[in-house]
Amino acid sequence: MTAIEITFLGTTAGVPTKYRNHAALHLTYRSQEEASVLFDCGEGTQRQMLLAGLNFMAIEGIFISHWHADHFAGILGLVETMNLEGRKKPLKIYGPEAEKFVPMLEELGYSTKDFGLVPVNAEFEGREAQVLLENAELRVISMPMKHGIPAVAYAFVENDRINIDKAKAAALGLPAKGPIFGEIKEKGFAAHKGKRIGIEDISVRIAGKKVVYTGDTMPNRNIAALSADADLLIHDCTFFEDVTDMSGYKHARIDEVAAAAKEARAKKTILTHISRRYQSPKELEAAAKKYGMEVAHDFMKVVLK
Ligand SMILES: [Zn+2]
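Residues numbered from 1 in each chain as written. Predicted model: local features only at pLDDT ≥ 70, side-chain atom pairs only at ≥ 80, totals over all residues. Heavy atoms only, no water.

**Comments concerning the pairing of strand β15 (residues 232–236)**
Moving on, step 1. Counting buried residues in β15 gives 5 out of 5 residues, a clear majority hidden from the surface.
Moving on, step 2. Alignment of strand β14 (residues 210–213) against β15, held across 3 bridges, turns out to be parallel. When the bridges of β15 are listed, Tyr213 appears paired with Ile234.
Moving on, step 3. In this region the chain leaves β14, passes through helix α7 (residues 221–226) and returns to the parallel neighbour β15; the handedness of that crossover is right-handed.
Moving on, step 4. Relative to strand β16 (residues 269–272), β15 is paired through 4 bridges, and the arrangement is parallel. For His235, the partnering residue across the bridge sits in β16 and is Leu271. (Buried < 20%, exposed > 50% of the residue type's maximum accessible area, 1.4 Å probe, protein only. Helix = DSSP H or I, 4+ residues; strand = E, 2+ residues; numbered from the N terminus. Pairing = 2+ DSSP bridges. Right-handed = clockwise from strand over helix to strand, strands pointing away.)

Given below as C-alpha cells:
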C-alpha cells in the first residue's frame, strides 16, 4: 500500500434507499501487509464490501460511532462470514459503551465462531480526546459527540514518515545503497569517512494524513478540536435545509457542517448520512459546492497519498 484508501459503503440516514445503504466507511492504510478498519457497520455492510471488492479478512477493527441499529446492525453477519473464511484472530470492536453492547452481540443466536469479539470503550462525555488504537504507523482517536445518546467521532491519524532522499545522500558522498542506510535508520546517525551523518541530513519528513469521521451528531465544540487541519473531514449532513424542530433529529445541517469545517481548517470535507428526502444527487452536489464541499455516494472512493 502506498496510500490511504477510503470507500463509502453506505451513505444514507436511518432508512436505506435504492441508491444509498446504511452507514459504513472502509479505510485501508499503508502498511507492510494489507490492513483496514471499518467505521460503523450498518445492515448490509458485508455485501457492500463484496460489491466494492474489499477483503473481509484484512479488517483489524470496527469503530462504532453510536449504538443506533442503522450504524451497527451489519456486525452480526459480517463476523459470521469472517468465521466461515477462517478468521482466528480476535476482533476488536470500539465504541461508546462497547463493553455493554458487544457481549449482547456475542450472546445473540447460536454461533460457533473460532474467534472472540473484544469490546473497547470510547469515552462519550467531556472534551478529552482518547487514543483507542496506536501502533508504529498510526493512531485512532475518539472524542465525544452530541446525538442525544452516547456517541463519538473518530480521527484516523497517520504518523509522519521519514523517507531517504537519494539526492541529499549523494551530495554528502554516500553510495547509492549499502548497509550504512540501515545503520542510520536504526541509530539515527552513522559515521562516514570521519563525518557524522544524521538521519535528518539525508531524509525528508512526509506529514501523516488525518481523516475524521463524525458519525451522527449535532454541531458541538469537539468537532473542530478533533478535526483541526484534517486532510479529510467526513461529516453527518442529514439535512440540506431548515427542517421543523431540527433539535428533535440531533443531526447536522449543511451550513453547520460548513462552519465546523472552516473552524477546523479541514482541507477537504465530504458530507454523508444523507436523508432519504433528497433524491437528486445533482442538487445536493451543487449545494455542497457552494461551500467548497462534496457529497458522498455509495462506493465513492477517496485516495490520500
Ligand atoms: Zn443515530
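Following the structure, the description resumes.
**Overview of the nonpolar core**
Moving on, step 1. Counting residues in each nonpolar core, the largest one holds 29 residues, and the members touching the most others are Ile6, Phe8, Leu27, Phe39 and Phe156.
Moving on, step 2. Elements with a minimum of two residues in this core: β1 (4–10), β2 (24–29), β3 (35–41), β8 (138–144), β9 (152–158), β14, β15 and β18 (301–304). (Core = buried A, V, L, I, M, F, W, Y, C linked by side-chain atoms within 4.5 Å.)

**Side note on the coordination of the zinc ion**
Moving on, step 1. With distances of 2.2 to 2.4 Å, the protein atoms coordinating the zinc ion are His66 (NE2), His68 (ND1), His147 (NE2) and Asp216 (OD).
Moving on, step 2. Geometry at the zinc ion is irregular, judged from the 4 donor atoms that bind it and their angles of 89 to 176° at the metal.
Moving on, step 3. Looking at His68, the relative accessible area reads 31%, which means it is partly exposed.
Moving on, step 4. Residue His147 is classed as buried on the basis of its relative accessible area of 5%. (Donors = N, O, S within 2.8 Å, 3.2 Å for Na, K, Ca; no water. Tetrahedral: all angles 85-135°; square planar, octahedral: opposite > 155°, others 65-115°.)

Such coordinate-based values are descriptive only and should not be taken to indicate function.
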